[in-house]
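# Survey of secondary and tertiary structure
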Amino acid sequence: QVQLAESGGGLVQAGGSVKLSCLTSGGTRHPYAFAWFRQSPEKGREFVAAISANGAVTRYTDSMKGRLTINRDDGKKAVYLQMITLRPDDTAVYYCAARWGLVSSESDRWDYWGQGTQVTVFS
């Protein structure tokens, strides 16, 4: 199995930016598709972004499109999420996920999950 570990979260002022990292270990040498989800008490679990195993396909949630960039570095076996112009309602625990297969916005399609990193946006 592959292990995932998120980092980069923290406290950020509204209008600011943050870059989240997800480093992987174990698993196989074959690349995985990756996704980011977030979870909050108010909204539950929401899809944020995903990138295919070869990097050719990216998908973003409509509610945040224009404020997100997902990319991957296969040499470092890592995936990143850049978020800009943050709002207080972006506050959530952000999780990265992995799977063998196509990108999906459905959380139950993803097999491997990290522990999450908290992003808190204040005004």
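What this report covers is the structure whose coordinates are included nearby. (Residues numbered from 1 in each chain as written. Predicted model: local features only at pLDDT ≥ 70, side-chain atom pairs only at ≥ 80, totals over all residues. Heavy atoms only, no water.)

### With respect to the packing of aromatic side chains
Applying the stated rule across the entire model yields 5 aromatic pairs. Between tyrosine 32 and tyrosine 112, the ring centres sit 6.1 Å apart and the planes meet at 80 degrees, which makes this aromatic pair edge-to-face. Here the residue tyrosine 32 occupies a position in the loop between strand S3 (18-26) and strand S4 (33-40), and tyrosine 112 occupies one in strand S10 (residues 112-113), the gap between them amounting to 80 residues. Residue tyrosine 32 is classed as buried on the basis of its relative accessible area, which comes to 7%. (Phe/Tyr/Trp six-rings, centres within 6.5 Å; stacked < 30°, edge-to-face > 60°. Helix = DSSP H or I, 4+ residues; strand = E, 2+ residues; numbered from the N terminus. Buried < 20%, exposed > 50% of the residue type's maximum accessible area, 1.4 Å probe, protein only.)

### Description of the environment of glycine 116
For glycine 116, the location among the structural elements is in the loop between S10 and strand S11 (117-122). With residues near it in sequence (within four places) discarded, glycine 116 still touches Glu6, Val93, Tyr94 and Tyr95. (Contact = heavy atoms within 4.5 Å.)

### Section: the nonpolar core
Within the largest apolar cluster, 26 residues are counted, with the highest numbers of intra-cluster contacts made by Leu20, Trp36, Val48, Ile70, Leu81, Met83 and Tyr94. In terms of residue count, the dominant contributor to this core is strand S9 (residues 92-99) (4 residues). Those residues in contact with valine 48, other than ones at most four positions away along the chain, are Trp36, Phe37, Arg38, Arg59, Tyr60, Thr61, Met64, Leu68, Leu81 and Tyr94. (Core = buried A, V, L, I, M, F, W, Y, C linked by side-chain atoms within 4.5 Å.)

### Focus on the environment of leucine 81
With respect to the element layout, leucine 81 can be found in strand S8 (residues 78-83). A relative accessible area of 0% means that leucine 81 is categorised as buried. Sequence separation of leucine 81 and serine 21 is 60 residues, and the distance between their C-alpha atoms is 6.6 Å. The residues touching leucine 81, leaving out its near neighbours within four places in the chain, are Val18, Lys19, Leu20, Trp36, Val48, Ala49, Leu68, Thr69, Ile70 and Tyr94.

### Some details on the sheet that holds S3
Spatially, 4 strands are ordered S1-S3-S8-S7 in an open sheet, and the strand pairing comes out antiparallel. Either end of the sheet is taken by a strand with one partner, and the two such strands are strand S1 (2-7) and strand S7 (68-73). Going across the sheet, the axis of each strand differs from the next one's by a mean of 15 degrees, ignoring polarity. In the sheet, S3 pairs with S8 via 6 bridges, with the strands oriented antiparallel. From the neighbouring strand, leucine 20 faces S8, where its bridge partner is leucine 81. (Pairing = 2+ DSSP bridges. Axes fitted to C-alpha atoms, helices over the stretch in contact; angles between N-to-C directions.)

### Description of the pattern of salt bridges
Applying the stated criterion across every chain, the model contains 4 salt bridges. Between arginine 38 and glutamate 46 there is a salt bridge, with its nearest N and O atoms 2.9 Å apart. According to the relative accessible area criterion, arginine 38 is buried, its value standing at 4%. Of the charged contacts, one joins aspartate 74 and arginine 72 as a salt bridge, the two residues approaching to 2.9 Å between their closest N and O atoms. The class for aspartate 74 is partly exposed, based on a relative accessible area of 45%. Three or more residues are tied together by salt bridges with common partners; here these are Arg38, Glu46, Arg67 and Asp90. (Salt bridge = Lys/Arg side-chain N within 4 Å of Asp/Glu carboxyl O.)

Remember, this is a structural readout, not a statement about activity or role.
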